[in-house]
Amino acid sequence: MMKLSKKTFKKDYIRKFIEIHGKELQEGTPQNKYEALGSLVKDYISEMWMNTNKNYNKTGEKQVYYFSAEFLLGRLLGNALLNLGIRDTCKEGLKELGINLEELENLEQDQGLGNGGLGRLAACFLDSMASLNIPGQGCGIRYKYGFFEQKIINGSQVEAPDNWLKNGNVWETRKPEKAEVVRFGGEVVTDVVDGNLTFTHINFEPVLAVPYDTPIVGYENEVVNTLRLWSAEPVSNEFDFSSFSRGDFLKAIEYKNSIEAISHVLYPDDSFYEGKILRLKQQYFFVSSGIQSIVRHYIKHGGDLRYFDERIAIHINDTHPTLAIPELMRLLVDEHGMNWDDAWRITTNTVSYTNHTILAEALEKWPIDMFRKLLPRIYMIVEEINKRFCADLWNKYDGQVEKISSMAIIGDGYVRMANLAVVGSHSVNGVAKLHTEILKKQEMKDFYYLYPRKFNNKTNGITHRRWLIKCNPGLASLLNETIGSSWIKHPIDMINFNKYVDNPGVLEKLREIKHENKVNLAKIIKESKDITVDPDSIFDVQVKRIHAYKRQTLNCLRVMNLYNELLEDPNKEIVPRTVIFGGKAAPGYMLAKNTIELINAVADKINNDPRVNDKLKVIFLENYRVSLAESIIPAADLSEQISTTTKEASGTSNMKFMMNGAVTIATLDGANVEIRDEVGDDNIIIFGMNEREVINYYKNGGYSSVNVCNQDPRLRRVTQDLINGYYCSDKEKFRAVYENLITYNDEFFVLKDFDSYLRAQDKVDQLFRNQNTWQKIAGINIAHSGIFSSDRTIEEYATGIWGSGFLYKNL
Ligand SMILES: *Cc1c(COP(=O)(O)O)cnc(C)c1O
């Protein structure tokens, strides 16, 4: 833990302010003050950062490199202060200078270089690796524009660019001296030199990859790991000069732009694959620069490539970084003269892969022509990997043509990234028990039979430092007062809170903390939407990407039905509800955008109907992102986790809500199953089809959404309300949602689960009426949430996959 007195801090801060702004503190804008604080904190971090790296180089301890196309970090200042152990000191010091720390923290732009769960998982993992003394570095892309900013205009989503770097970024350090060159296009010339086959890549287009390093501070352990993000630049300005001298200015600028386009913007697709060449370029760009720099660093510090896999672990987060496999082969074989078999053994022992989804539309596959043209040498290597793999398959499964061709890495005109990832790594993990079982039994059945020992489960987790200590200080204090503070280093100790869930004083305290968080969220809602919500109503929350499988539509139809019932029976006894939605739709995903329009139209009508207003309000909070999640989640009473069973690989917001004392209403999907197993059936509200029923429908058909609809008058009414002008004078407005449910037979069984969802919601009302019972359930959920800390997940990766982190384990 860092030592810092309030007096020293104040002196340092004032000096820093003057140094970077050249004026008195009193004359500074809030932004000036934030920048000075960020810059000072970065100074505080620097020495630990340097020492951590020195230490890693000296001990030669195994290094983990976590490759991910997305890192959804959110804000860094508050968590850096927390992990350094100086947040209280700084807060008080600033207060004496007339500055409110939280106000400065809120000025920081979210670092939103990810879409949702997958990118946020990578961010939680970095925090946990640093906090557990595991030498683990992140590797990704420094997108100039992150995930778009969502505005809701006239009820529809409008996308604006996320110019997150507009005020600079105090956390990153540009390292031009560590740049790498990545080669695109061109041809490969084969030759024989001294009896050996050689491959020379010619006429390629070189792109300079410049790393920007961000410190990842461990919790009170003086460890600072690194997130290295790569930015694309022209290799030199020579091209510019020659064009300029010919007067060809535009061409020079176009060239520069075409290079910089590689790291220009994050693709806003979640669980959806888009076969764009720029995306393939992005993937090879960061993977190639990352692998080159790892190998360069390894050799520079005396490493012997024959033992590379004993010193280095490379993890690929989903298939986006799969080209790490052929890129490492290329370096070992082409550049370092290793024979194929040794290189293959080392590569597969080094690389491990996490699968994140079984949605067919998310499977990455690249057209062969596109791939070969952009990456000619990498294509040859993938072909060779495929040739050898298929030869093995022929030996094992002679004559089973169908099986072999479906397992091949190249087939039907495509390079299949998941197949390459499975064949080229030593570990394949799913992200929750159910998901891993589905991978083994269904989606990757043939691979599981071929390589049973590669497959394993690592249930996702979330960092309790950001998602409890930082975002819910009231609850963190209550835990400290009751069970002591051991849970901070050992989150599993939260289980001790179980001893207090029958203690009326503690339950009352829980209720007060939740109420305070709700008042705070009500203020945010008032400020952003000018709608007054009642903090005594049930805050019923569904925040996540808008996607058909996540079934925001089910939630919305339930609200529409409740509205109908309240109008029919004004005396209907319900606990008042504030139903809160948030989430972004991919810009090209019309159904998801239509769903947002529907929710906003329903909200508009209900919120302006005085007949129901003291019982029901509907809020769509715009621009859902990490920092907003940190205000919403601690204020939730009810966590909506209602995806179609089998479709949500894990989910992580389910864990965040639980840790903050929300009660979950859920299908038995993803990690909801494990949450149920932890808390027991009495402390979670489960509804809907089970895995067997869903799989049976997908396999054998037999589902008719029209029949389900016709048998339930409530469903007939709410589906008709989509197209009869009830919520919008334009009757065609919600046509897409309607067609999806009725005409296209409701792929995600929204109508099928409607009745059981409504009964589950009735149960929520019943439970909430007895606050003692409700707070007890909340307490049990909090007590059992420690296992969902990403510290537990990372320990499992370290011991079960990476073979790292033994030397300095926190004891
Ligand atoms: C945790 C988180 C997610 C993932 O939410 P799911 O409900 O698990 O899909 C997405 N976006 C943000 C901003 C998050 O913090």
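Residues numbered from 1 in each chain as written. Predicted model: local features only at pLDDT ≥ 70, side-chain atom pairs only at ≥ 80, totals over all residues. Heavy atoms only, no water.

### Structural notes on the environment of Leu 628
Part 1 of the reasoning: By the element assignment, Leu 628 lies in helix H25 (residues 626–632).
Part 2 of the reasoning: Look at Leu 628 and you get buried, because its relative accessible area is 10%.
Part 3 of the reasoning: Considering only alpha carbons, one finds Leu 628 and Pro 587, 41 residues apart in sequence, at a separation of 21 Å.
Part 4 of the reasoning: Apart from the residues within four sequence positions on either side, Leu 628 is in contact with Leu 621, Glu 622 and Asn 623. (Helix = DSSP H or I, 4+ residues; strand = E, 2+ residues; numbered from the N terminus. Buried < 20%, exposed > 50% of the residue type's maximum accessible area, 1.4 Å probe, protein only. Contact = heavy atoms within 4.5 Å.)

### Details of the site of the ligand
Part 1 of the reasoning: As a structural note, the neighbourhood of the ligand is formed by 13 residues, with Lys 544, Lys 550, Thr 652, Ser 653 and Lys 656 the closest of them.
Part 2 of the reasoning: Between Thr 652 and the ligand, the recorded distance is 2.8 Å, taken from a backbone N or O atom to an oxygen atom.
Part 3 of the reasoning: When the ligand sits alone it has 390 Å² of accessible area, and the protein chains cover 95% of it.
Part 4 of the reasoning: Each residue belonging to the shell around the ligand can be placed in one class, and the counts come to 4 nonpolar, 5 polar and 4 charged. (Near = heavy atom within 4 Å. Polar contact = N/O pair within 3.5 Å; in protein donor to acceptor, adjacent residues only side chain to side chain. Areas by Shrake-Rupley, 256 points an atom, 1.4 Å probe, with all protein chains shown as cover. Nonpolar A, V, L, I, M, F, W, Y, C, P; charged D, E, K, R; others polar.)

### With respect to the sheet that holds strand S20 (residues 538–543)
In any sheet, the strands associate via hydrogen bonds between backbone groups, in a parallel or an antiparallel arrangement.
Part 1 of the reasoning: Strands sit in the order S22-S21-S20-S23-S24-S25 across an open sheet of 6 strands; the sheet is parallel. Whereas interior strands pair on both sides, the edge strands pair on one side only; in this sheet they are strand S22 (616–621) and strand S25 (685–686).
Part 2 of the reasoning: Taken together, the 4 bridges between strand S23 (residues 638–641) and strand S24 (residues 663–666) define a ladder with parallel strand orientation. Residue pairing in the sheet places Gln 641 in a bridge with Ala 666 of S24.
Part 3 of the reasoning: Where helix H24 (residues 590–607) meets the sheet, its contacts fall on strand S21 (577–582) and S22, and the angle it forms with S22 comes to roughly 140°. (Pairing = 2+ DSSP bridges. Axes fitted to C-alpha atoms, helices over the stretch in contact; angles between N-to-C directions.)

### Overview of the packing of aromatic side chains
Part 1 of the reasoning: Inspection of every chain in the model, using the stated rule, returns 22 aromatic pairs.
Part 2 of the reasoning: Seen from their ring centres, Tyr 448 and Tyr 449 are 6.1 Å apart, and the 50° between their planes marks the pair as tilted.
Part 3 of the reasoning: We note Lys 365 situated over the ring of Tyr 414; from NZ or CZ to the ring centre the distance is 4.3 Å.
Part 4 of the reasoning: The lysine or arginine in question, Lys 584, covers the ring of Phe 147, its NZ or CZ lying 4.4 Å from the ring centre. (Phe/Tyr/Trp six-rings, centres within 6.5 Å; stacked < 30°, edge-to-face > 60°. Lys NZ or Arg CZ within 6 Å of the ring centre and 35° of its normal.)

### So, the pattern of salt bridges
Pairing between side chains of opposite charge can happen when the charged atoms of each approach one another.
Part 1 of the reasoning: As enumerated under the stated definition, the model contains 56 salt bridges in all.
Part 2 of the reasoning: As a salt-bridge pair, Lys 440 and Glu 437 come within 3.5 Å of each other at their nearest N and O atoms. Linking Lys 440 with Glu 437, this pair stays in helix H17 (residues 433–443), spanning 3 residues, or about one helical turn.
Part 3 of the reasoning: Of the charged contacts in the structure, one is a salt bridge between Arg 558 and Glu 640, with a shortest N-O distance of 3.2 Å. Of this pair, Arg 558 sits in helix H23 (residues 552–568) while Glu 640 is found in strand S23, placing the two residues 82 residues apart along the sequence. This pair shows no difference in class: Arg 558 is buried, exactly as Glu 640 is.
Part 4 of the reasoning: Here the residues in one salt-bridge network are Arg 87, Lys 91, Glu 102, Glu 105 and Lys 470, joined through shared partners. (Salt bridge = Lys/Arg side-chain N within 4 Å of Asp/Glu carboxyl O.)

### Looking at the nonpolar core
Part 1 of the reasoning: Among the nonpolar cores identified, the biggest contains 137 residues, and Tyr 13, Phe 67, Phe 285, Phe 371 and Trp 802 are the most heavily contacted of them.
Part 2 of the reasoning: Among the nonpolar cores identified, the runner-up in size contains 67 residues, and Ile 546, Leu 566, Ile 723 and Tyr 757 belong to it. (Core = buried A, V, L, I, M, F, W, Y, C linked by side-chain atoms within 4.5 Å.)

### Notes on the side chain of Thr 354
Part 1 of the reasoning: Mapped onto the elements, Thr 354 comes out in strand S14 (residues 351–354).
Part 2 of the reasoning: Of note is the side chain of Thr 354, whose polar atom sits 2.6 Å from the side chain of His 315.
Part 3 of the reasoning: Those residues in contact with Thr 354, other than ones at most four positions away along the chain, are His 315, Ile 316, Asn 317, Asp 318, Asn 429, Val 431 and Tyr 797.

### Description of the sheet that holds strand S17 (residues 414–416)
Part 1 of the reasoning: Spatially, S15-S17-S16 is the arrangement adopted by the 3 strands of the open sheet, whose pairing is antiparallel. Looking at which strands have only one partner, the edges of the open sheet turn out to be strand S15 (365–367) and strand S16 (410–411).
Part 2 of the reasoning: Of the pairings in the sheet, the one linking S16 to S17 comprises 2 bridges and is antiparallel in character. In the sheet register, Ile 410 faces S17, and the bridge partner there is Val 415.

Don't take any of this as a statement about function, it's just geometry.
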